[in-house]
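If you want the building blocks of each chain, they are given just below.
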Amino acid sequence: MTIQSTRRDILKGSLAVAGLSVLGIPEWALPALAQSETLVPFTDIPENFPTVTAADRRIIDIRKIDGPFTPKDQFFTTQHYGHPEVDPATFRLKISGLVDRPASLSLDELRRMGGTELVAGFECSGNRRPLQGLSGNGRWTGVPLRKVLDHAGVKAQAREFVFFGADHGTEEVEFRTDKIKVEQQFGRSLSREKALSPEPFLAYSLNGEPLTRHQGSPLRLIVPGWYGVANVKWLAQIHVQEEQYLGKFQARWYRTMRGEIIDGDMKWVEAAVTHMQLKSFIARVTRDGSRHKVFGVVLNDGTPLKSVEVRVDDGPWQAAALDPSTSGKYSWKLFTYAWNGATAGEHTLVSRVTDVNGKVQPTSEELSNKKTFLEDNSQFPRKVMIS
Ligand SMILES: Nc1nc2c(c(=O)[nH]1)N[C@H]1C(S)=C(S)[C@@H](COP(=O)(O)O)O[C@H]1N2
Ligand SMILES: [Mo]
């Protein structure tokens, strides 16, 4: 993309404005570029970085976000064992283990349980600067997990709900001096409390169309407010058990190590990646004549927000405005800040978000006791050159 990208370039290949008005979303809410608006290049990322970074991995170009929902052909995608092809016609969701009525449900049977909509955005827990492209927001249609579990009848001793994808691979499991090779399915688990809460959702459609293969067709779990890894794609089986599930992607790969001062001592706390940490990032800066606009994204676990602010160089924090079309509890939130009086030269811009509980997005120094790279929600200063 060049500096001179026009509104048409920005909108090409994604949701058209007319389509959004049909959905009842007023055009003014759109953060897309106006006719005379141009992108101001960031000097901290290359202009033409690839969005397909490996055969099976795609990120979004955050500078091109043009509406509340990420189009299906742009939605980021990542996976551990490739993208399996599952035939929706013969698909069955198996429910096994500690349930009164083990089940094998077709898509039609799931649909007949009553389809509802959920707007939810998420990022991969490995999403971080400078590209921040492992993030997106969708309008999902499906059935609340609770309904499906009630249908099967969860037994009293059930504690752990394991969600297996159709994808699998050979993993080496270490046990003391042994290295054992076993074929494993991708698996993640939820506690009884979380699995039976109203939020988790089994989705069969994204933005009004059947799920794409990359997004987990024909059925995926969505745990609203949690990092992407919880959202098991190509969902094949829910197994209900009493013991803790310690599969690779639950117990080993998706952990964060943080130092916390407990009773005056530094304790190293290792925790599983679960709900999203409060985060904002600036996605683009645009210019319209002599006026500049800063546009960005907020992601969190659904806790209502108190404020989003932008700071230019060493100036004061200034309030940014949230886009009303992204006000849903679990939606990502888009914000804009009118940057008046920008002077020629290089500037550093940074955003920070605060929630109603007073939690403030940390700076990278404040996050320096987090030793693993996952869950990087630090404030992200960006550089632009104003001509
Ligand atoms: N079955 C399965 N589900 C999966 C994964 C996977 O490898 N296999 N990857 C997870 C991770 S780490 C992320 S970030 C999200 C990405 O979802 P998306 O491709 O729809 O963006 O899927 C999650 N669900
Ligand atoms: Mo991820």
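Going along each chain's sequence as written, the residues are numbered from 1 onward. Each chain is given a letter, starting from A, and each ligand a number, starting from 1, according to the order in which they appear as written. Selection of residues for local features in this predicted model requires a pLDDT of at least 70, selection of side-chain atom pairs for listing and counting requires 80 or more, and totals for whole chains, interfaces and linings are taken over all residues. Only hydrogens and water are removed before side-chain values are computed, so all heavy atoms of the structure are retained for them.

Here we look at the pairing of strand β17 (residues 291-299)
For every residue, the accessible area (1.4 Å probe, protein chains only) is compared with the maximum for its type, and the residue is labelled buried under 20%, exposed over 50%, or partly exposed between those bounds. Counting from the N terminus, the helices are DSSP H or I runs at least four residues long and the strands are E runs at least two residues long. Among the nine residues of β17, seven are classified as buried, and the element is accordingly described as predominantly covered. Pairing between two strands requires that DSSP report at least two bridges joining them. Here nine bridges tie strand β16 (residues 279-288) to β17, and the two strands are oriented antiparallel to one another. Of the residues in β17, the one forming a bridge with T286 is K293. Relative to strand β21 (residues 333-339), β17 runs antiparallel, the two sharing seven bridges. Bridged to H292 within β21 is W339.

Description of the domain arrangement of the protein chain
Each assigned domain of the protein chain is listed here: domain 1 (7-66 + 274-386) and domain 2 (77-245). Between the C-alpha centres of domain 1 and domain 2 the distance comes to 29 Å. Contact with domain 1, which involves 32 residues of that partner, is made by 31 residues of domain 2. In this description, buried area is defined as the sum, over both parts, of the accessible area (probe of 1.4 Å) that is lost when the two are combined. Carbon and sulfur atoms make up 56% of the area that domain 1 and domain 2 hide from each other, which totals about 2900 Å². Per-residue buried area on domain 1 facing domain 2 is highest for D56, M276 and Y330; these three make up 23% of the total on that side. Each salt bridge in this description consists of a side-chain nitrogen of Lys or Arg and a carboxyl oxygen of Asp or Glu lying within 4 Å of one another. Viewed at the interface, domain 2 and domain 1 are joined by one salt bridge. The partner of E123 in a salt bridge is K279, and the shortest N-O contact between them spans 2.8 Å. Polar contacts, as counted here, are pairs of nitrogen or oxygen atoms within 3.5 Å of one another; within protein the pair requires one atom able to donate a hydrogen and one able to accept it, and residues that are adjacent in sequence qualify only if both atoms are side-chain atoms. At the surface where domain 1 touches domain 2, the tally comes to 17 residue pairs in polar contact (both at pLDDT 80 or more). Broken down by secondary-structure element, the contributors of at least two residues to the side of domain 1 that touches domain 2 are β3 (57-58) and β16. Just so you know the grouping, Ala, Val, Leu, Ile, Met, Phe, Trp, Tyr, Cys and Pro go in nonpolar, Asp, Glu, Lys and Arg go in charged, and all remaining residues, Gly too, go in polar. Among the residues making up the side of domain 1 that touches domain 2, the classes are represented as 15 nonpolar, eight polar and nine charged. Each domain's extent is set by a domain assignment, obtained either automatically or from a database. The contact criterion used throughout is that any non-hydrogen atoms of two residues lie within 4.5 Å.

Thoughts on the side chain of T256
Mapped onto the elements, T256 comes out in strand β14 (residues 255-262). What makes T256 buried here is its relative accessible area of 2%. Beyond its immediate chain neighbours, meaning those up to four positions away, T256 contacts V269, E270, A271, V273, K370, T372, L374 and E375.

Description of the layout of surface pockets
Empty space within the largest pocket amounts to approximately 670 Å³. Only protein atoms enter the 1 Å grid used here, on which a cavity is any set of points holding a 1.4 Å probe that cannot leave and a pocket is any open set flanked by protein within 12 Å on both sides along at least five of seven lines; residues with an atom within 4 Å of a point are listed as lining. Lining of the largest pocket is provided by 35 residues; of these, R57, T78, C124, L134 and Y254 occupy positions nearest its centre. Among the residues forming the lining of the largest pocket, the class breakdown is 16 nonpolar, 12 polar and seven charged. For the lining of the largest pocket, the two domains that each supply at least three residues are domain 1 (7-66 + 274-386) and domain 2 (77-245). Grid points are joined across faces, edges and corners, and a volume is the space filled by probe spheres set on the points.

Focus on the site of ligand 1
Whether a residue is near a molecule or strand depends on its heavy atoms: if one lies within 4 Å, it is near. Taken together, 21 residues lie near ligand 1, and F76, H80, D167, R220 and K233 sit nearest. For ligand 1, a nitrogen atom lies 2.6 Å from a polar atom in the side chain of D167. The separation between an oxygen atom of ligand 1 and a polar side-chain atom of R220 is 2.7 Å. Protein chains shield 100% of the accessible area of ligand 1, which is 530 Å² for the free molecule. For the accessible areas, the method is Shrake-Rupley and the probe is 1.4 Å, while residue cover comes only from the protein chains on display.

Side note on the sheet that holds strand β19 (residues 318-319)
Ordered by their spatial adjacency, four strands build an open sheet running β19-β18-β22-β23, and the pairing between neighbours is antiparallel. Edge positions in the sheet fall to β19 and β23 (382-386), since each has one partner strand and no second. One ladder, built from seven bridges, connects strand β18 (residues 305-312) with strand β22 (residues 345-355); its direction is antiparallel. Looking across to β22, one finds that S307 is bridged to T354.

Section: empty space enclosed by the protein
Taken as a whole and assessed by the stated rule, the structure comprises two cavities of 30 Å³ or more. Volume-wise, the second largest cavity comes out at about 40 Å³. Lining of the second largest cavity is provided by G121, G225, M276, L299, N300, K329, Y330, S331 and W332. Residue composition of the lining of the second largest cavity, grouped by class: four nonpolar, four polar and one charged.

A closer look at the nonpolar core
The biggest cluster of nonpolar side chains holds 91 residues, and the ones touching the most others in it are L93, L110, W140 and L202. Three or more residues apiece are contributed to this core by two domains, here domain 1 (7-66 + 274-386) and domain 2 (77-245). Joining through side-chain atoms within 4.5 Å is the link that ties buried Ala, Val, Leu, Ile, Met, Phe, Trp, Tyr and Cys residues into a set, and such a set is a nonpolar core.

Section: unusual backbone geometry
That bond from R129 to P130 is cis: its omega, 0°, falls within 30 degrees of zero. Structurally, P130 is set in the loop between β6 (116-123) and β7 (135-144). Of note, the phi angle at W234 is positive, near 45°, even though the residue is not glycine. Looking at the secondary structure, you find W234 in the loop between β12 (220-222) and β13 (235-241). Overall, the relative accessible area of 3% leaves W234 in the buried class. A positive phi is found at E375, a non-glycine position, where the angle reads about 60°. Note on placement: E375 falls in the loop between β22 and β23. Looking at E375, the relative accessible area reads 4%, which means it is buried.

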